[in-house]
Structure formats: structure tokens, C-alpha cells
Amino acid sequence: MNILLTGGSGFIGSNFVRLVLRERPDYRVTNLDCLTYSGNPENLADIEDDDRYTFVHGNICDLELCTKLMHDCDAVVHMAAESHVDRSIIDARPFVESNVLGTQTLLDALRRADPGGTKRFVHVSTDEVFGDLPLDKPEELFSETTPYAPSSPYSASKAGSDMVARAYAHTFGMPVMITNCSNNHGPYQFPEKVIPLFVTNLIEGKKVPLYGDGKNVRDWLHVEDHCEAVLTVLEKGTPGEQYCIGGNNERSNLELTHAILELMGKGEDMIEPVTDRLGHDRRYAIDATKIKRDLGWEPTRSAWPQALEHTVKWYVDHPRWWQNVKSGAYREYYAKQYGTR
Ligand code: TYD
């Protein structure tokens, strides 16, 4: 199988490439990525010479390029997205452009190249499309039947992209599947997200900015568990269906921060309470019963404390990677090679 992957140079995408090449020796991956600030070819430095891997520098909003790539592939995994809530609060426009228009362009390209609807398309999304859950009702979880109620510009753009994907499946009978995951962590995550930001700040001797009261809860999923779930949906999912993917691992930000401080041998004095994020969602948590029951997937790498230890250790062991990312040095290098958006 030749998979067209969008956003393969990002955090989840690069982990997906690595997992597919490792676990499916007869698969090929073509990675379409436009290398915005978070797409980094260094994330795939260890596999770029694998002849089953091809990199294409381009934008998912480019219909002609996407149509050509759709002709050449057997299936599509769509991960390219603007993903950071704080950035969407500062400027929502790139989120609507990449997430909504990019998804629509890809689906139009697929229709053009495959009018018979034989090529499967997995649209990778987030649990944030469901809004948030109360802290005082732990029995409440997001599932495939939860109504959409996005609250940030980011989650609104992802909800829009999910609706476009759903509409193309319904209207044109395309074999589109949607996945909604909880918060990912693991190697190669851009250090604007809370875990790599806090770990790398502590290594640099800086404090960790904890938003608000720190009681917000996230359901932490190891990125390899997520990638395995997406591969499972690609191979075994039912066209038109939606699958929620979670780590079954809810932690408050305070618990997370204390666990990181302990692993790094640092004290509570390194916490810097800061003003809360605007519209900060209280709690996300996933009921992943459907994907387990129908496709046999469940998380095997997300249990704490091991999963968090593994992630923290990766950043401790790879200072060159995140120092390049934090300083922007990698961007200057790749801007020369590929140009920037
Ligand atoms: P983040 O990693 O941005 O993911 P998301 O907003 O998609 O859940 O944030 C995870 C949680 O950590 C969220 O509740 C906000 C909080 N947070 C902080 O307290 N400080 C920070 O500097 C960041 C980036 C996040």
C-alpha cells in the first residue's frame, strides 16, 4: 500500500511515518508537508534514506499538486493541521485556511483522482471538537455520539474540517473515516505544547508557566498508541464512521507538573502561576469503547508513570533537537533549502 500522508514532518505525522515503516515492511509513505513553523524534516532524519519514504514539499491547499498525489497513492491519512490553541487565540486565520480549506481541497483532489471512491481517507482530528467536560462529573466522557461544541478558534476549525469530511462521505459516498484523539505526548513534539515546553524549560533552568488554577484535566495518550490507532482505522475502519481514541489516563495540569518536576529533580518553586488561557477548556476525556470493540485497538504505551518517564527522558536525551527547534535554527536552514510559506 502506498499511503499519502499530509503533515508527516510534524509531531504526530513523523511518529506515524516511523511506525508504518517499522510495522508494515510492504507499505510506502509519501509525505506532503509545507514545513510551517512546526513541520521539521529533522523529525525524520533517521528514515529519510529509506526508499519506501518520499517527501513532497507542498501545501494541502494546492489542488493541482494534491490531485496528482492522489492519483499516485492507494490511501490517504490527513494529519496536516494548525494545532496550537494559544496561537489560534492570537490569529485564527491560518487555522481556518489550513484546517478547513486544506481538508476540503484534499477531498476535492481525491474526488477528481478517484471518482469511483475506492481510496480510503482517514481524517485525523481532535477530541477538542466536543468542547469540554465538567470537573465534578468524572463519569462523563466524550464519545462518537457527543454533540460538537468547539470552544477555541482551533477546535472550531477542526470541527469545521470534520464536518467537511463527513459531508463528503455522505454526499459523494467517499470512504472517509474520522478519528478524534485526546492529548498526545512523546518524541518530536513542538515545545509550545505543555509537556515538551515544561521539560525543556526545566533543563534550561527556566520556570514552567502554569495557566490559571492548574486544575484543568487532559487525557494523555502516547503518540505511538495514537499512530497505531490511526493505522488500525486506515486498515480496518468502516467507511463513514468516526472513532474516538484516548489514553484512559486523565491528569490535572497540577498533577502533570508535579510529576515532571519530580522526574527532573526540581522543586515546586519552579512553577510560575500565570494568567489563565482565554476560554480555557476544563476537562477532556475519551471513552474509547467503540474502537476497542469494533477494531480491537486499545492503548498499550500510555500508562503512567512509565509513559511520562519515557517522554521526559527523550527530551533529556535529545537536546540538539529541541535546542534547534526553540532557537529557530532549523527553520533558517530549511527555509534556504525549500523556501517558506
Ligand atoms: P496544550 O499542550 O497547549 O494542549 P491543549 O490546549 O490542546 O490541551 O495544553 C495542555 C494543558 O496545559 C492545557 O490545559 C493548557 C495547559 N498549559 C499550561 O498550563 N501552560 C502552558 O504553558 C501551556 C502551553 C499549556
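Parameters at a glance
Residues numbered from 1 in each chain as written. Predicted model: local features only at pLDDT ≥ 70, side-chain atom pairs only at ≥ 80, totals over all residues. Heavy atoms only, no water. Phe/Tyr/Trp six-rings, centres within 6.5 Å; stacked < 30°, edge-to-face > 60°. Helix = DSSP H or I, 4+ residues; strand = E, 2+ residues; numbered from the N terminus. Buried < 20%, exposed > 50% of the residue type's maximum accessible area, 1.4 Å probe, protein only. Lys NZ or Arg CZ within 6 Å of the ring centre and 35° of its normal. Near = heavy atom within 4 Å. Polar contact = N/O pair within 3.5 Å; in protein donor to acceptor, adjacent residues only side chain to side chain. Areas by Shrake-Rupley, 256 points an atom, 1.4 Å probe, with all protein chains shown as cover. Salt bridge = Lys/Arg side-chain N within 4 Å of Asp/Glu carboxyl O. Pairing = 2+ DSSP bridges. Axes fitted to C-alpha atoms, helices over the stretch in contact; angles between N-to-C directions. Contact = heavy atoms within 4.5 Å. Right-handed = clockwise from strand over helix to strand, strands pointing away.

### Comments concerning the packing of aromatic side chains
Overall, the coordinates contain eleven aromatic pairs when judged by the stated rule. Here the aromatic rings of Y37 and F190 are separated by 5.0 Å at their centres, their planes lie at 90°, and the arrangement is edge-to-face. Here F190 lies in the loop between β7 (184-185) and α6 (194-203) and Y37 lies in the loop between β2 (28-33) and β3 (53-57), a separation of 153 residues in the sequence. Grouping residues by exposure puts Y37 and F190 together as buried. Ring geometry for F130 and F142: centres 5.2 Å apart, planes at 40°, overall tilted. Taken together, the positions of F130 in the loop between β5 (120-126) and α5 (153-172) and F142 in the loop between β5 and α5 put the pair twelve residues apart, joining distant regions of the chain. The buried category is assigned to F142, whose relative accessible area is 1%. Through a chain of ring-to-ring contacts, three or more aromatic side chains come together here, namely F130, F142, Y148 and Y284. Between the NZ or CZ atom of R111 and the centre of the ring of F172, over which it lies, the distance is 3.7 Å.

### Some thoughts on the site of the ligand
Residues in close proximity to the ligand total 18 residues, the closest being E128, P209, R218, R277 and H280. One of the backbone N or O atoms of P209 is found 2.7 Å from a nitrogen atom in the ligand. A distance of 2.7 Å is found between an oxygen atom of the ligand and a side-chain nitrogen or oxygen belonging to R218. Contact with the protein chains removes 97% of the 510 Å² of surface that the ligand exposes when unbound.

### Observations concerning the pattern of salt bridges
Applying the stated criterion to the full structure yields 23 salt bridges. Residue E235 is joined to R24 by a salt bridge in which the shortest nitrogen-to-oxygen separation is 2.7 Å. With a gap of 211 residues between them, E235 in helix α7 (residues 223-236) and R24 in the loop between α1 (11-23) and β2 connect regions that are remote in the sequence. Looking at E235, the relative accessible area reads 28%, which means it is partly exposed. Classification of R24 by relative accessible area gives partly exposed; the value is 23%. Here D50 makes a salt bridge to R52, at a shortest N to O gap of 2.9 Å. For R52, a relative accessible area of 17% puts it in the buried group. Linked by salt bridges that have partners in common, R22, E23, E224, D225, E228 and R301 make up one network.

### Focus: the sheet that holds β3
As a general point, the strands of a sheet are linked pairwise by backbone hydrogen bonds and lie either parallel or antiparallel. Strands sit in the order β3-β2-β1-β4-β5-β6-β11 across an open sheet of seven strands; the sheet is parallel. Each edge of the open sheet carries a strand with a single partner, namely β3 and β11 (242-245). Neighbour-to-neighbour, the strand axes of the sheet open up by a mean angle of 20°, direction not taken into account. Here strand β6 (residues 176-181) pairs with β11 via four bridges, running parallel. By the bridge assignment for β11, I178 is matched with Q242. Packed on one face of the sheet, helix α2 (residues 63-72) meets β1 (2-6), β2, β3 and β4 (75-78) and runs near 175° to β2. Across the sheet, α7 lies against β1, β4, β5, β6 and β11, angled at about 145° from β5, the strand it touches most.

### Looking at the pairing of β2
Of all the six residues making up β2, five are buried; the element is thus mostly covered by neighbouring parts of the structure. Once the chain exits β1 it traverses α1 before rejoining the sheet at β2, and the crossover so formed is right-handed. With five bridges connecting them, β2 and β3 associate as parallel partners. Note that in β3 the partner of N31 across the bridge is F55.

### Concerning unusual backbone geometry
With the exception of glycine, the majority of residues adopt a negative phi angle, and the majority of peptide bonds are in the trans configuration. Along the chain, W304 connects to P305 via a cis peptide bond; the corresponding omega equals 10°. Along the polypeptide, P305 turns up in the loop between α9 (289-295) and α10 (306-317). In this structure, L35 is a non-glycine residue whose phi angle is positive, near 55°. Residue position: L35 is located in the loop between β2 and β3. Judged by its relative accessible area of 8%, L35 is buried.

### Focus on the pairing of β5
For β5, the buried fraction is high: six of the seven residues fall into the buried class. In the sheet, β4 pairs with β5 via four bridges, with the strands oriented parallel. When the bridges of β5 are listed, H78 appears paired with H123. Pairing of β5 with β6, which is carried by six bridges, proceeds in the parallel orientation. By the bridge assignment, T126 is partnered in β6 with C181. Handedness of the crossover is the feature at issue here: the chain leaves β5, passes through α5, returns alongside β6, and the resulting connection is right-handed.

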